[in-house]
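Breakdown of the fold
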Amino acid sequence: MRIAVFASEGAPYAKSGGLGDVMEALPAALSRIPGNEVVLVLPYYKKIKENPAYPVRQVAQCTVKLGWRRQYAGVMALQGRSDGVKVYFIDNDYYFGARPGSIYGDGDDGERFAYFSKACLEALMAIHYIPDVIQCNDWQTALVPTLLRAVYRPEFQDTKCMFTIHNIEYQGWANPDFFDDVLALPWGWRSTLDMNHCVNMMKGAIETADLVTTVSETYARELMYPYYAHGLDGILTDAAWKLTGITNGIDVNTFNPATDPALPWHYDAQSFRVGKADCKAALQQEVGLPVKPDVPMLVMVTRLAGHKGLDLLCYIARKLLWAEDCQMVILGTGEDHFERFFKGLQEEFPDRVAALITFNLGLASRIYAGGDIYMMPSKSEPCGLSQMNAMRYGTVPVVHATGGLKDTVPPVDEHGEGGLGFTFQSYNGDDFLGALERCIHLYKKEPEKFRALQQRDMEQDFSWDKPAQRYMDLFREMTNR
Ligand code: GLC
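What comes next is a walk through the structure.

What counts and what doesn't
Residues numbered from 1 in each chain as written. Predicted model: local features only at pLDDT ≥ 70, side-chain atom pairs only at ≥ 80, totals over all residues. Heavy atoms only, no water. Near = heavy atom within 4 Å. Polar contact = N/O pair within 3.5 Å; in protein donor to acceptor, adjacent residues only side chain to side chain. Areas by Shrake-Rupley, 256 points an atom, 1.4 Å probe, with all protein chains shown as cover. Salt bridge = Lys/Arg side-chain N within 4 Å of Asp/Glu carboxyl O. Helix = DSSP H or I, 4+ residues; strand = E, 2+ residues; numbered from the N terminus. Buried < 20%, exposed > 50% of the residue type's maximum accessible area, 1.4 Å probe, protein only. Core = buried A, V, L, I, M, F, W, Y, C linked by side-chain atoms within 4.5 Å. Contact = heavy atoms within 4.5 Å. Expected span 1.5 Å × (residues − 1). Arc of directions from axis to C-beta. Pairing = 2+ DSSP bridges.

Right, let's get into the site of the ligand. Every residue close to the ligand is listed here: Gly18, Leu19, Val22, His166, Val215, Asn248, Glu381, Pro382, Cys383, Gly384 and Leu385. For the ligand, an oxygen atom lies 2.9 Å from a polar atom in the backbone of Cys383. A distance of 2.8 Å separates an oxygen atom of the ligand from a polar atom in the backbone of Gly384. With the chains in place, 92% of the 310 Å² that the ligand exposes on its own is no longer accessible.

Encoded structure:
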């Protein structure tokens, strides 16, 4: 099958969060399936352009119409990717190539990604690749299914389109002027993108895509409720017949404690008792905590953003540190008040808490490996990847039972057996504390059961092979093949 994947970020080239990880692994997993040809289209951001590790060759150029303007798009083919995925970057200095800074956050992001969505389709035409299926992701490429129906049908007569929701909080809202200034769609399509008299690109995608997916089964159900859907619950309820949840995988080659080059010691599900203990000691030294093998180390690698459940952690952190002999390591940057809170906590408990307000992939790996317990109390979580990374490294997750956290972390029972981690049901600090205490209790009082749990976590198959097959099932359903 000929598949084109469009996204605003994809590791290793450009990544701001989980979407970037998925766009590294999913196209690769799809291209491992015999008979598939996979093309991935990404913006040619400045930092990709300036990175000598990513040589490109210009293979085409095209023109993108935005309202009354015509914008250039260069189609740059990445050279030397070995796994079969063909990567193309859309080159335009004004929108991507000459802007410093991060991937998102400019005042004209709406226009930048409207441009990108059109440019992706123009680029496919320019390289004469008319796919059977286009898979596009989040608001940045949410115009694609609407464009396909409204403008590009003649060129893409038989191409079907899947829209995948990774994060519904950002929907691609724009002022009504955007209709004429940027989109200039035929008049009849206005209502498709209209929501409360503004443009909402994601709403349009949900209505016009052939199928809609999101990144876990539970989140697909949660999206029917206003609490999770950020205003799109009605639209999603109407589209429920074509909405499916497919739980993400992780890149099990990158995240592998047996080979990860960032780790001082290596281990697997058989040898972890020794290797992981060595990693813990090394981590304690690295972050300046006393080397104590038997004190549980609670860790978190996260963006310091509200919906990650940090308000719960702030609320219980002192209670926990007073009540239990434990260490805490937090890695991440983000909202100022959280950064200040964790720095303050470290000052108050200098030999118990390490607050590492930075972003460092190697250190993240060493924390997944050195920790005993991984905290992830997210308020909502479409899928979540780091709980799976943690389990792969034998670190037991304690999570809020929501979205993908619920699907990937079945709870340990009251005898400390079965399951993969500890969960709490209602979003409440005391319940989170209760779940942490149950986990710490197992660690301290029933170490053999804790080890068995770690081993179960490490033996799980979190690879992309099964999810990629589920995407294929839906691709076949769309295309009747
Ligand atoms: C978004 C979601 C996260 C998910 C990721 C990849 O970042 O917030 O839960 O794991 O996308 O799908």
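This part takes up the pattern of salt bridges. In total, this model carries 29 salt bridges according to the counting rule given. Here Arg470 ties to Glu217 by a salt bridge, and the two come within 2.9 Å at their closest N and O atoms. Highlighted residues: Arg470 in helix H20 (residues 465–479) and Glu217 in helix H9 (residues 217–222), separated in sequence by 253 residues. Classification of Arg470 by relative accessible area gives partly exposed; the value is 33%. Residue classification places Glu217 among the partly exposed residues on the basis of a relative accessible area of 29%. Of the charged contacts in the structure, one is a salt bridge between Asp372 and Lys280, with a shortest N-O distance of 2.6 Å.

The next thing to look at is the nonpolar core. With 104 residues, the main nonpolar core has Phe6, Leu124, Phe163, Ile206 and Phe475 as its most contacted residues. Looking at which element gives the most residues to this core, the answer is helix H4 (residues 109–126), with nine residues. With residues near it in sequence (within four places) discarded, Phe6 still touches Val41, Cys120, Leu121, Leu124, Ile134, Gln135, Cys136, Asn137, Thr141 and Val144. The next biggest cluster of nonpolar side chains, apart from the first, holds 38 residues, and it includes Leu313, Phe432, Leu433 and Tyr443.

What follows covers helix H5 (residues 143–150). Judged by how many residues are buried, H5 sits mostly within the fold: seven of eight residues are covered. All buried positions along H5 are accounted for by Leu143, Val144, Pro145, Thr146, Leu147, Leu148 and Ala150.

Turning to helix H14 (residues 336–348), a few remarks are in order. An ideal rise of 1.5 Å per residue puts 18 Å on 13 residues; H14 measures up with 18 Å between its terminal C-alpha atoms. Looking only at H14, the buried set comprises Phe338, Glu339, Phe341, Phe342 and Leu345. All buried residues of H14 project into a common sector of 160° when viewed along the axis, lining one side. Those residues of H14 that are exposed and angled more than 90 degrees off the buried face are Arg340 and Glu347. Where H14 is buried, its residues contact helix H13 (310–323), strand E14 (327–331) and strand E15 (353–356).

Here Cys136 is to be found in strand E6 (residues 133–137). Ignoring any residue separated from it by four or fewer positions in sequence, one finds Cys136 in contact with Phe6, Thr141, Val144, Pro145, Cys161, Met162, Phe163 and Thr164.

Another point: the side chain of Thr423. Along the chain, the position of Thr423 falls in strand E18 (residues 422–424). On the basis of relative accessible area, Thr423 is assigned to the buried category, the value being 9%.

The subject of this paragraph is the sheet that holds strand E9 (residues 194–195). One open sheet accounts for three strands, arranged E8-E10-E9; its pairing is antiparallel. The open sheet has two edge strands, strand E8 (173–174) and E9, and neither has a second partner. Examined bridge by bridge, E8 and strand E10 (residues 198–200) share two bridges and lie antiparallel to one another. Looking at the pairing, Ala174 lines up with Val199 of E10.

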